[in-house]
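As a plain string of letters, each chain reads:
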Amino acid sequence: MDTNDELAEALGVFMEEARELLAQMEEILLREEAGGGSEEDLPALFRCAHTIKGSAGMFGFDEVVRFTHVVENVLDRLRNGAIGFSRQLVGVLLDCQDHIAGLVSTIAEGGTPDIARSDELIAELRAWTAADDAAGAAAPRQLPAESAVRVAASGGGGTGSDYWHLSLRFAPGILAEGMDPMCFINYLGTCGRIVHVETITDHLPTLDEADPELCHIGFEVALDSPAGKEEIERVFQFVAENSHIVILPPHSKATEFIGLIESLDEDSARLGEILVACGTLTPQELDTALRAQQQSRQDTPPRLGAILVDSGMVAPAVVGAAIEKQQRNEEKRRSETKSLKVPSERLDALIDRVGELVIAGAGTHAQAVKIQRRDLQESASLLLSLVEDIRDMALRLRMVAIGEVFSRFPRVVRDVSRELGKDIELRISGAEAELDKSMVEKVGDPLMHLIRNSMDHGIEAAEVRAASGKPVRGTVALNACHESGAIIIEVADDGGGLDADRILKKAIEKGIVAEGANLSTQEIYQLILAPGFSTAETVTNLSGRGVGMDVVKNNVEALRGTLDIDSVPGQGTTIRLCLPLTLAIIDGFHVGVGSTHFIVPLDMVVECVELPTGLDHFDYMEQRGEALPFVRLRQLFGEHGPAHIRPRVVIVRFAGKRAGLVVDRIYGKCQTVIKPLGPLFEQVPCVSGSTILGDGEVALIIDVAQLIQGVVTRNWQATHGGTARGATALAA
Amino acid sequence: MACEIVVDAGAQSIALRGELTIYTVGEIRIRLLDVMAMTDKIDIDLGGVAEIDTAGLQLMLLAKRKPGKEVTFTHHSAVVLHLVDMASVGLMLGDPLVISAGGMAQTAGN
């Protein structure tokens, strides 16, 4: 039972790791395709595939191992410069990356892997694989171009008689740490062919003295492998630090073995014999090496590092680079340990309790204020401010960078632009802006729709662009930034812009608006969000079927966000999503109308003023020389409770628009834990949720976004008594 | 899986069954030393060894090198043969060549 749980947990880690690695692969491949790849990309790419193969092997996912091995091979050849990137190769590798992702998830779900697809891709990869691998793959089909590659490859590789030499002296404690040296040697077999292993028993104690759980034996290994040094080194990456591992590449000069011989404490003559036994050195070479060693002994013995460098075993520059790289890896590891993975349900549970704590804290504070005791009030205030801090910290735990969502779009844009035959570039900015994890998950699909839509309808065909003097390559820009408690995400294209006349005509045709309706340009733009609306002349399989934009709108509204459209004919369209940062707890501004309590999200409150007298029949007022539309909550919600002689106006702002809310009383700031309304009340207009106040009263949270939209477009009366959806539908 | 150590009545031979690994070498060594205290010539039957690792291999080498004692390994199981062959310690152990050669042939055939 326990082992099953452990296995499931390990599998979960593997899946997550594989997903991350695959995402990384995709990112690098796309970068390479765009021509912006860096020097570190190729080794990183190889490492991704290698790690996936390795961990898949641990779980016995043979199909993943088999397929990834071929991919890894191609990546290795890329890394070594044996082959170069081409557009075609990137395409195939992206398909491979998709297939690995598919394999991993299929297997994890217990399904049968699509072996036919693997073979298909392996066949496609054959043009780039090394000759020996191609032979191992099923049904090789010879192509003239392919054989040319093979010849070039075999010219670059080493000859059969040149072996890697590995000198392995493990730390004594390695066995107790659960690692088995023979397993490493066995695993080396995945890098190439093990030619010979010589077991070094010189340091074996006697049976009487020996601690059999310590490792006293060493190994000298000759390995015939096309792999790079890095790959061979990686086999030993988890070996304890005080193990002594020396890896000499093929073609190492005989003198280079002096360094090895000097660095080991076994008798050098015996080591020499071992090297000969391994086939690494010929007796003549050994002879030369030993004589050279004798000569060097006559001078003061140089330090090991000096020998290594002098004998040309490692160039000083290489040492410098190696040290630097080691430091970088170290830093990376350190930064990795700084973050901690926590199951999201635990975090949700924590936030939930913090929410309760906030309510209880506010209640306690309210009670303490009633009792006229200063000391009690002081400690209650302190408690409340601490609770607020905890609330902020707890919420911050859930914040993730929007970049997590953005990262999937480069691939989408690449694939879609191919499909459409358009040359489109995606520019991303503000990927570091943070928002709640739950929002991040939900914002992906709407954004995907918007981006596809921009590419399909927004960006014109290349010839049209050229004719209007625009660069042939279209641009879709994805920006994110924070604004007053909300995050704004823009999807902007530099395409043809929206054609207001055509939209209106179409809307009238479809019966979405009445003929002769007098609509502002903004309102016309909003029509594209109406259900069943599509202006595309031709329906592509991407968009144009009239589903999508209204779904986007609904999704965004479900997140308490808004969707704005700006368009300049001939220059492009910008669709702006404005979303709250979190769905859980907010700072609220507590107001009262009649006997009902309302909460306005504090971030959106700009200021509070008294309602000037004599405005009974108006719904706007003058403020600092500008007209400010307002809405009477009393009227909006049909309140009949005791009014105030001097109503107040709470001025709110959302997505760049301002409006006033006329209320009777202002109570001030309060912590608001948002409780969703039940399904029965979901359709109530202009209310996004409810909360419980410190004294146990229920307050409604005002949906400022929806309210402003209604007020600003002067259609708020329609929302009164209508449905939440009706409000915006009528606005359109 | 643990290791079963069967010592025959005359303490002339030992049969190991199960694991010959880091988990069992401590105990096996003690038993070996006990048996060695009684006799100078021991046959160790490895026919029942289902699992062996570097620690196990090392223990074989240690036993073989115990001064004044003559240790012979017999009936090497497949896993033992594989490891002995991989580490090229067949000659070092010096057990009957028939077995060693058979082992190599077997591994080579794989």
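Keep in mind that this is a model prediction, so the values were computed, not measured. (Residues numbered from 1 in each chain as written. Chains lettered and ligands numbered in written order. Predicted model: local features only at pLDDT ≥ 70, side-chain atom pairs only at ≥ 80, totals over all residues. Heavy atoms only, no water.)

(A) Seen up close, the overall build of chain A. Assigned secondary structure in chain A consists of 27 helices and 21 strands. Here chain A holds 732 residues, and 46% of them are scored as buried. If you take every contact in chain A between residues at least 6 apart in sequence, the share linking residues at least 24 apart comes to 69%. When the accessible area of chain A is evaluated, it comes to approximately 36300 Å², of which 54% is carbon and sulfur surface. (Helix = DSSP H or I, 4+ residues; strand = E, 2+ residues; numbered from the N terminus. Buried < 20%, exposed > 50% of the residue type's maximum accessible area, 1.4 Å probe, protein only. Contact = heavy atoms within 4.5 Å. Areas by Shrake-Rupley, 256 points an atom, 1.4 Å probe, with all protein chains shown as cover.)

(B) Region of the structure containing the confidence of the model for chain A. Residues and elements named next belong to chain A. The predicted model of chain A averages 75 in pLDDT, with 76% of residues at 70 or higher. Across residues 132–161 the pLDDT falls below 50, and counting only partners more than four positions away or on other chains, this stretch makes 24 contacts in the model. Residue range residues 537–546 is modelled with pLDDT below 50. Its contacts to residues more than four positions away, or to other chains, number 22 contacts. (pLDDT = per-residue confidence, 0-100.)

(C) Quick peek at the packing of aromatic side chains. Residue and element names in this part refer to chain A. Inspection of every chain in the model, using the stated rule, returns 4 aromatic pairs over all chains. Ring geometry for phenylalanine 170 and phenylalanine 236: centres 6.5 Å apart, planes at 45°, overall tilted. With a gap of 66 residues between them, phenylalanine 170 in the loop between strand S1 (164–169) and helix H8 (181–188) and phenylalanine 236 in the loop between helix H9 (229–235) and strand S4 (244–248) connect regions that are remote in the sequence. The buried category is assigned to phenylalanine 170, whose relative accessible area is 7%. With centroids separated by 5.8 Å and ring planes inclined at 40°, the aromatic side chains of phenylalanine 184 and phenylalanine 236 adopt a geometry described as tilted. (Phe/Tyr/Trp six-rings, centres within 6.5 Å; stacked < 30°, edge-to-face > 60°.)

(D) Region of interest: helix H3 (residues 78–86) of chain B. When we look at burial in H3 of chain B, the residues that qualify are Val80, Leu81, Leu83, Val84 and Met86 of chain B. Looking one or two residues beyond H3 of chain B, the residue adopting positive phi is serine 88 of chain B, at roughly 50°.

(E) Structural context of the packing of H8 of chain A against H3 of chain B. Contact pair H8 of chain A / H3 of chain B: the axes reach a minimum separation of 11 Å and the direction vectors enclose 75°. Classified by the angle their axes make, H8 of chain A and H3 of chain B are roughly perpendicular. From H8 of chain A, Met182, Ile185 and Asn186 of chain A reach across to H3 of chain B, where they touch His82, Leu83 and Met86 of chain B. When the residues that make up the contact of H8 of chain A with H3 of chain B are grouped by side-chain class, the tally is 4 nonpolar, 2 polar and no charged. (Axes fitted to C-alpha atoms, helices over the stretch in contact; angles between N-to-C directions. Parallel < 35°, antiparallel > 145°, perpendicular 65-115°, else oblique. Nonpolar A, V, L, I, M, F, W, Y, C, P; charged D, E, K, R; others polar.)

(F) Examining the pairing of strand S3 (residues 218–224) of chain A more closely. Residue and element names in this part refer to chain A. Within S3, 6 of the 7 residues are buried, which leaves the element mostly enclosed by the surrounding structure. The sheet contact formed by S1 and S3 spans 6 bridges and is antiparallel. From the neighbouring strand, leucine 168 faces S3, where its bridge partner is phenylalanine 219. Note: strand S2 (residues 193–200) against S3, 7 bridges, orientation antiparallel. By the bridge assignment for S3, threonine 199 is matched with phenylalanine 219. (Pairing = 2+ DSSP bridges.)

(G) Fine view of the pattern of salt bridges. Residue and element names in this part refer to chain A. One pass over the full model with this rule turns up 28 salt bridges over all chains. Ionic pairing is found between arginine 31 and glutamate 27, a salt bridge with its closest N-O pair at 3.4 Å. Within this pair, arginine 31 and its partner glutamate 27 are both found in helix H1 (residues 2–33), separated by 4 residues, close to a single helical turn. A salt bridge links glutamate 460 to lysine 470; the nearest nitrogen and oxygen atoms lie 2.8 Å apart. Of the two residues, glutamate 460 sits in the loop between helix H19 (437–458) and helix H20 (462–467) while lysine 470 sits in the loop between H20 and strand S8 (474–483), which places them 10 residues apart along the sequence. For the pair formed by glutamate 460 and lysine 470, the shared burial category is buried. (Salt bridge = Lys/Arg side-chain N within 4 Å of Asp/Glu carboxyl O.)

(H) Molecular detail of the sheet that holds S8 of chain A. Residues and elements named next belong to chain A. As summarised here, the arrangement of the 5 strands in space is S6-S8-S9-S11-S10, forming an open sheet in which the pairing is mixed. Whereas interior strands pair on both sides, the edge strands pair on one side only; in this sheet they are strand S6 (424–429) and strand S10 (562–568). The mean inter-strand angle of the sheet, taken between neighbouring strand axes irrespective of direction, is 15°. In this structure, S6 lies alongside S8, joined through 6 bridges in parallel fashion. Residue pairing across strands places serine 429 opposite asparagine 479, the latter belonging to S8. Of the strands in this sheet, S6 and S8 are in contact with helix H18 (residues 409–420), which crosses S6 at around 165°.

(I) Quick peek at the side chain of glutamate 63 of chain A. Residue and element names in this part refer to chain A. Looking at the element boundaries, glutamate 63 is found in helix H3 (residues 62–79). Residue classification places glutamate 63 among the buried positions, given a relative accessible area of 10%. Here the side chain of glutamate 63 touches serine 118 through a polar contact of 2.6 Å, side chain to side chain. Discounting chain neighbours no more than four positions away, the residues touching glutamate 63 are Leu103, Pro113, Ile115 and Ser118. (Polar contact = N/O pair within 3.5 Å; in protein donor to acceptor, adjacent residues only side chain to side chain.)

(J) Structural view of the sheet that holds S2 of chain A. Residues and elements named next belong to chain A. Reading across from one edge, S2-S3-S1-S4 is the order of the 4 strands in this open sheet, with antiparallel pairing throughout. The open sheet has two edge strands, S2 and S4, and neither has a second partner. The sheet shows a mean angle of 15° between the axes of neighbouring strands, direction not considered.

(K) Up close: the interface of chain A and chain B. Each partner contributes residues to the interface: chain A has 27 residues there, and chain B has 24 residues. Taken over both partners, the interface formed by chain A and chain B buries close to 2200 Å², and the fraction arising from carbon and sulfur atoms is 66%. It is Met182, Leu207 and Pro212 of chain A that lose the most area in chain A upon contact with chain B, and together they represent 34% of the buried surface on that side. At the boundary of chain A with chain B, the tally comes to 1 salt bridge. Where chain A meets chain B, there are 12 residue pairs in polar contact (both at pLDDT 80 or more). For the side of chain A that touches chain B, the secondary structure elements donating two or more residues are H8 and S2 of chain A. Residues of the side of chain A that touches chain B, tallied by class, amount to 15 nonpolar, 6 polar and 6 charged. (Buried area = accessible area lost by both parts, 1.4 Å probe.)

(L) Expanded view of a nonpolar patch on the surface. On the surface, Leu680, Phe681 and Val684 of chain A cluster together to form a nonpolar patch covering roughly 310 Å² of accessible area. Locating valine 684 of chain A in the fold gives a position in the loop between strand S19 (665–673) and strand S20 (687–692). (Patch = residues over 30% accessible without salt bridge, like charges linked within 9 Å, V, L, I, M, F, W, Y side chains within 5 Å.)

(M) Focus on the packing of H19 of chain A against helix H23 (residues 549–558) of chain A. Residue and element names in this part refer to chain A. Close contact between H19 and H23 brings their axes to 9 Å; oriented N to C, the two are set at 145°. The way H19 lies across H23 gives a crossing that is left-handed. Between H19, through Pro446, His449, Leu450 and Asn453, and H23, the contact on the second element is made entirely by Met549, Val552, Asn555 and Val556. In terms of residue class, the contact of H19 with H23 is made up of 5 nonpolar, 3 polar and no charged. (Left-handed = near helix turned anticlockwise from the far one by under 90°.)

(N) Quick peek at the pairing of strand S2 (residues 13–20) of chain B. All names here are of chain B. Burial analysis of S2 places 6 of its 8 residues in the buried class, which makes it a mostly covered element. When S2 meets strand S3 (residues 41–52), the two strands line up parallel, connected through 7 bridges. Residue pairing in the sheet places leucine 20 in a bridge with isoleucine 52 of S3. Handedness of the crossover joining S2 and S3 through helix H1 (residues 25–38): right-handed. (Right-handed = clockwise from strand over helix to strand, strands pointing away.)

(O) A look at the nonpolar core. Core analysis: the largest hydrophobic core is formed by 58 residues, its most contacted members being Leu166, Phe219 and Phe236 of chain A together with Leu20 of chain B. If one sorts the elements of this core by residue count, helix H2 (residues 54–64) of chain B sits on top with 7 residues. The next biggest cluster of nonpolar side chains, apart from the first, holds 49 residues, and it includes Val440, Ile487, Phe533 and Leu559 of chain A. (Core = buried A, V, L, I, M, F, W, Y, C linked by side-chain atoms within 4.5 Å.)

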